[in-house]
Amino acid sequence: MGAAAMTDERQRELAAGLAAVRERIAAACGAAGRPSDSVTLIVVTKTYPAQDVVRLAGLGVAEVGENRDQEAAAKAAAVAAAGAAVRWHFIGQLQRNKCRSVVGYADMVHSVDSVRLATALGAAAAAGRVGAGRLDVLAQVSLDGLSHRGGAVAGDAVAPDRQLDRVLAAIAADDALRLRGLMAVAPPAPSAGPAFARLGALFAAVRQRYPQVDVLSAGMSGDLEDAVAHGATHLRIGSAVLGARAALE
Ligand SMILES: *Cc1c(COP(=O)(O)O)cnc(C)c1O
């Protein structure tokens with residue numbers, strides 16, 4: 001049995017998932033009066049093998065997301081070895097001791113939620129990305145005001161290290177980083193709409209202060225319509241393209 005024959009069935013599955021998601025995005029953009037090219041699809045490939053990323057690249061996917069460094073580093077190397085070119089988005093909780101590894105393959109890091117992490121990522125990027133330019137970074141925002149769930153918090157009800165204004169300032173001031181915008185994970189339905197509405201307002205306020213900001217990363221398989229309605233520019237979609245993940249995540 002040839003590798004091509006093995007690939008075909010999964011390739012068709014992925015193509016169908018991708019087509020369905022692209023239709024949902026187009027419909028959501030239509031409903032919001034936005035051009036469909038105003039939204040970038042990032043396919044989240046965590047727990048799925050490098051070969052699926054290669055298949056997705058063959059289907060025209062240019063942006064993929066991962067949430068764990070160990071898995072992502074190995075996958076990025078395997079995908080590159082297979083000759084496929086995609087851009088890697090790091091979207092998971094990031095430990096400072098993993099920054100050196102992440103800057104080796106990531107094109108954008110979505111999950112910077114403390115001043116200390118921004119500083120560590122900046123140092124790693126300065127040392128590890130010589131000649132590759134600044135690393136694109138988003139500040140992750142908590143939409144429920146609970147910093148322990150990940151995300152910096154707007155206002156001063158938390159320790160300074162986790163205050164959104166300070167995190168934004170730390171990223172913007174770092175010569176090795178480029179502040180591109182905000183990322184958030186919505187609380188479960190039915191709260192996604194109101195949460196994304198708050199996020200959209202916050203994004204507008206941040207753009208006033210940092211005109212270079214142009215990325216709002218919000219929206220997953222279950223809530224992409226709400227995210228598009230409130231101005232998301234980047235969607236992070238996993239299960240709706242690849243299928244339900246095993247529970248170990
Ligand atoms: C896994 C993950 C996603 C994708 O979730 P789906 O519900 O599978 O679309 C998006 N964002 C983050 C931060 C994730 O960890």
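The structure presented is a predicted model; accordingly, all values stated were derived computationally and were not measured.

Let's shift gears to the overall build of the protein chain. When you go through the protein chain residue by residue, the secondary structure sums to nine helices and eight strands. The C-alpha atoms of the protein chain give 18 Å as radius of gyration, which agrees with the globular expectation for 249 residues (18 Å, within 12%). Projecting the C-alpha coordinates of the protein chain onto the three principal axes gives extents of approximately 60 × 45 × 35 Å. Out of the 249 residues in the protein chain, the part that is buried amounts to 49%. Intrachain contacts of the protein chain at a sequence separation of at least 6 include 62% that bridge at least 24 residues. For the protein chain, the distance from the average position of its 26 positive side-chain charges to the average position of its 24 negative side-chain charges is 3 Å.

All told, the structure shown has 13 salt bridges when counted by the stated rule. For Lys75, the salt bridge goes to Glu71, with nearest N and O atoms at 2.7 Å. Of this pair, Lys75 and Glu71 both sit in helix 3 (residues 69-81), separated by four residues, roughly a single helical turn.

Near the ligand you find Val44, Lys46, Ile91, Met220, Ser221, Arg236, Ile237, Gly238, Ser239 and Arg245, and these make up its full shell. Within the side chain of Lys46, a nitrogen or oxygen atom sits 2.6 Å from an oxygen atom of the ligand. For the shell around the ligand, the residue count by class is four nonpolar, three polar and three charged.

If you check helix 3, its first and last C-alpha atoms are 18 Å apart, about what 13 residues at 1.5 Å a residue would give, namely 18 Å. Asp69, Ala72, Lys75, Ala76 and Val79 are the residues of helix 3 that are buried. Taken down its axis, helix 3 places every buried residue within 130 degrees of arc, on the same side. Facing away from the buried side of helix 3, by more than 90 degrees, are the exposed residues Gln70 and Ala81. Contact partners of the buried residues in helix 3: helix 2 (50-58), strand 2 (63-66), strand 3 (87-90) and helix 4 (99-102).

Below, the discussion takes up the layout of surface pockets. Computed from the structure, the largest pocket encloses a volume of approximately 630 Å³. If you go around the largest pocket, you meet 27 residues; those closest to its centre are Ile91, Gln140, Val185, Met220 and Arg236. Looking at the lining of the largest pocket, its residues break down into ten nonpolar, ten polar and seven charged. Lining of the second largest pocket is provided by Arg22, Ile25, Ala26, Ser36, Val39, Thr40, Leu41, Val43, Gly60, Val61, Ala62 and Glu63. If you list the elements that add at least two residues to the lining of the second largest pocket, you get helix 1 (3-32) and strand 1 (40-44).

Criteria and thresholds
- Residues numbered from 1 in each chain as written.
- Predicted model: local features only at pLDDT ≥ 70, side-chain atom pairs only at ≥ 80, totals over all residues.
- Heavy atoms only, no water.
- Helix = DSSP H or I, 4+ residues; strand = E, 2+ residues; numbered from the N terminus.
- Rg over C-alpha atoms; globule rule 2.2 N^0.38 Å.
- Buried < 20%, exposed > 50% of the residue type's maximum accessible area, 1.4 Å probe, protein only.
- Contact = heavy atoms within 4.5 Å.
- Lys, Arg positive; Asp, Glu negative; His and termini not counted.
- Charge placed at Lys NZ, Arg CZ, Asp CG, Glu CD.
- Salt bridge = Lys/Arg side-chain N within 4 Å of Asp/Glu carboxyl O.
- Near = heavy atom within 4 Å.
- Polar contact = N/O pair within 3.5 Å; in protein donor to acceptor, adjacent residues only side chain to side chain.
- Nonpolar A, V, L, I, M, F, W, Y, C, P; charged D, E, K, R; others polar.
- Expected span 1.5 Å × (residues − 1).
- Arc of directions from axis to C-beta.
- 1 Å grid on protein atoms, 1.4 Å probe; cavity = no way out; pocket = protein on both sides within 12 Å on 5 of 7 lines; lining within 4 Å.
- Points joined across faces, edges and corners; volume = space filled by probe spheres on them.

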